[in-house]
Amino acid sequence: MKESNLFTLIISGPIVSWQRARTGRGHMYVPKKSMEWRKKIQHIAWNKLRAIGANLHETYYGDNPIRMDITCYFKPPKKFKGVIPEYCIGRMDRDNIEKGIMDSLQGIMYDNDKQVVAGYTEKRYAVCSDEFIKIDMKMIGV
């Protein structure tokens, strides 16, 4: 087991909701925006693993159970004057955000996304004007 198994990723920029594969001209494809989002998450994860000297030939957590906590910080709409609510209700579905992140990290952080057995996802408004996601992962029950 690793000394400290907490792993945090910060993904900055506009948050993208994972979109299902579509059919067009006789073949299946994933929308470009979703694929670019996936590549961005993977790039950030690989760079962080390189920075800490992790073995890049195996997944970070192997086949152990994982807790993943995701906090999304959305840019508040201009309609809010003064007091901004803490939680963001009107934006994309929480499950689509989770799906995109979990699928992107499969094969890098863990062998299969079914290993993510606990965690939460929150959608909040950012205090600053920039959107970002904070992802905390750790092995549990080991």
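So, here is what we can say about the structure in this document.

**What about the overall build of the protein chain?**
No. 1: Scanning the protein chain from N- to C-terminus turns up 2 helices and 7 strands.
No. 2: The order of helices and strands in the protein chain, counted from the N terminus, is β-β-β-α-β-α-β-β-β.
No. 3: In terms of principal-axis extent, the alpha carbons of the protein chain reach across some 50 × 45 × 25 Å.
No. 4: The 142 residues of the protein chain split such that 37% are buried.
No. 5: In the protein chain, the 24 positive side-chain charges and the 16 negative ones have mean positions that sit 8 Å from each other.

**Focus on the state of the cysteines**
No. 1: Across all of its chains, the model carries 0 disulfides by this definition.
No. 2: Summary of cysteine pairing: Cys72 is not part of a disulfide, and the nearest cysteine sulfur, belonging to Cys88, is at 8.8 Å.
No. 3: Owing to a relative accessible area of 4%, Cys88 belongs among the buried residues under this scheme.

**Some words on the packing of aromatic side chains**
No. 1: Scanning the entire structure with this criterion turns up 3 aromatic pairs.
No. 2: Considering the side-chain rings of Phe7 and Tyr60, the 5.1 Å spacing of their centres and the 50° angle between planes classify their relative orientation as tilted. Linking Phe7 in strand 1 (residues 7–12) with Tyr60 in the loop between helix 1 (32–51) and strand 4 (66–74), this pair joins segments that are 53 residues apart in sequence. Across the pair, Tyr60 and Phe7 agree in class, each one buried.
No. 3: Three or more aromatic residues link up through ring pairs in this structure, and these residues are Phe7, Tyr60 and Tyr61.
No. 4: Seen from the ring of Phe7, Lys48 lies directly overhead, with NZ or CZ sitting 5.1 Å from the centre.

**Here's the deal with the side chain of Ser104**
No. 1: When you line up the elements, Ser104 lands in helix 2 (residues 94–105).
No. 2: Taking relative accessible area as the criterion, Ser104 reaches 0% and is therefore assigned buried.
No. 3: Among the polar contacts listed, one links the side chain of Ser104 to the backbone oxygen of Gly100, at a separation of 2.6 Å.

**What about the nonpolar core?**
No. 1: In terms of nonpolar packing, the biggest core is built from 32 residues, with Met68, Leu105, Met109, Ile133 and Met137 touching the most fellow members.
No. 2: Those elements that provide at least two residues to this core are strand 1, helix 1, strand 4, helix 2 and strand 7 (132–139).
No. 3: With 5 residues, strand 4 is the single largest residue contributor to this core.
No. 4: The contacts of Ile133, once residues within four sequence positions are left out, are Leu9, Ile10, Ile11, Ile15, Trp37, Ile70, Thr71, Cys72, Ile97 and Ile101.

**As for the pairing of strand 6 (residues 121–125)**
No. 1: Of all 5 residues in strand 6, 4 are buried; the element is thus mostly enclosed.
No. 2: The sheet contact formed by strand 4 and strand 6 spans 5 bridges and is parallel. Paired with Tyr73 across the bridge in strand 6 is Arg124.

**Regarding helix 2**
Residues three or four positions apart in an α-helix share a direction because the helix packs 3.6 residues into each turn.
No. 1: End to end, helix 2 covers 17 Å across 12 residues, agreeing with the expected 16 Å (1.5 Å per residue, within 8%).
No. 2: Regarding helix 2, the residues found buried are Ile97, Gly100, Ile101, Met102, Asp103, Ser104 and Leu105.
No. 3: Here the buried face of helix 2 lies against strand 1, helix 1, strand 4, strand 5 (116–118), strand 6 and strand 7.
No. 4: Gly107, located one to two residues past helix 2, shows a positive phi value of around 85°.

Rules and cut-offs
- Sequence order as written defines the numbering, with residues in each chain counted from 1.
- Two thresholds apply to this predicted model, a pLDDT of at least 70 for residue-level local features and 80 or more for giving and counting side-chain atom pairs, whereas whole-chain, interface and lining totals are computed over all residues.
- Here the side-chain values reflect all heavy atoms present in the structure, with hydrogen atoms and water set aside.
- Secondary structure elements follow DSSP: runs of H or I no shorter than four residues count as helices, runs of E no shorter than two count as strands, and numbering proceeds from the N terminus.
- We call a residue buried when its accessible area falls under 20% of the maximum for its residue type, exposed when it is over 50%, and partly exposed in between, using a 1.4 Å probe and counting protein chains only.
- Note that His is not counted, nor are the chain ends; the positive residues are Lys and Arg, and the negative ones are Asp and Glu.
- Charged side chains are reduced to one point each, which is NZ for Lys, CZ for Arg, CG for Asp and CD for Glu.
- In what follows, a disulfide is any cysteine sulfur pair within 2.5 Å.
- Here a Phe, Tyr or Trp ring, Trp counted by its six-membered ring, pairs with any other such ring whose centre lies within 6.5 Å, and the pair is stacked when the planes are under 30 degrees apart, edge-to-face when over 60, and tilted otherwise.
- Either the NZ atom of lysine or the CZ atom of arginine qualifies as a charge over a ring when it sits within 6 Å of the ring centre and within 35 degrees of the ring normal.
- In the analysis that follows, any N or O atom pair within 3.5 Å is treated as a polar contact, provided that within protein one partner can donate a hydrogen and the other can accept it, and provided that, for residues neighboring in sequence, both atoms belong to side chains.
- The term nonpolar core refers to a set of buried residues drawn from Ala, Val, Leu, Ile, Met, Phe, Trp, Tyr and Cys, joined through side-chain atoms within 4.5 Å.
- We call two residues contacting when some pair of their heavy atoms lies within 4.5 Å.
- Any two strands between which DSSP finds at least two bridges are classified as paired.
- Helix span, expected: 1.5 Å multiplied by one less than the number of residues in the helix.

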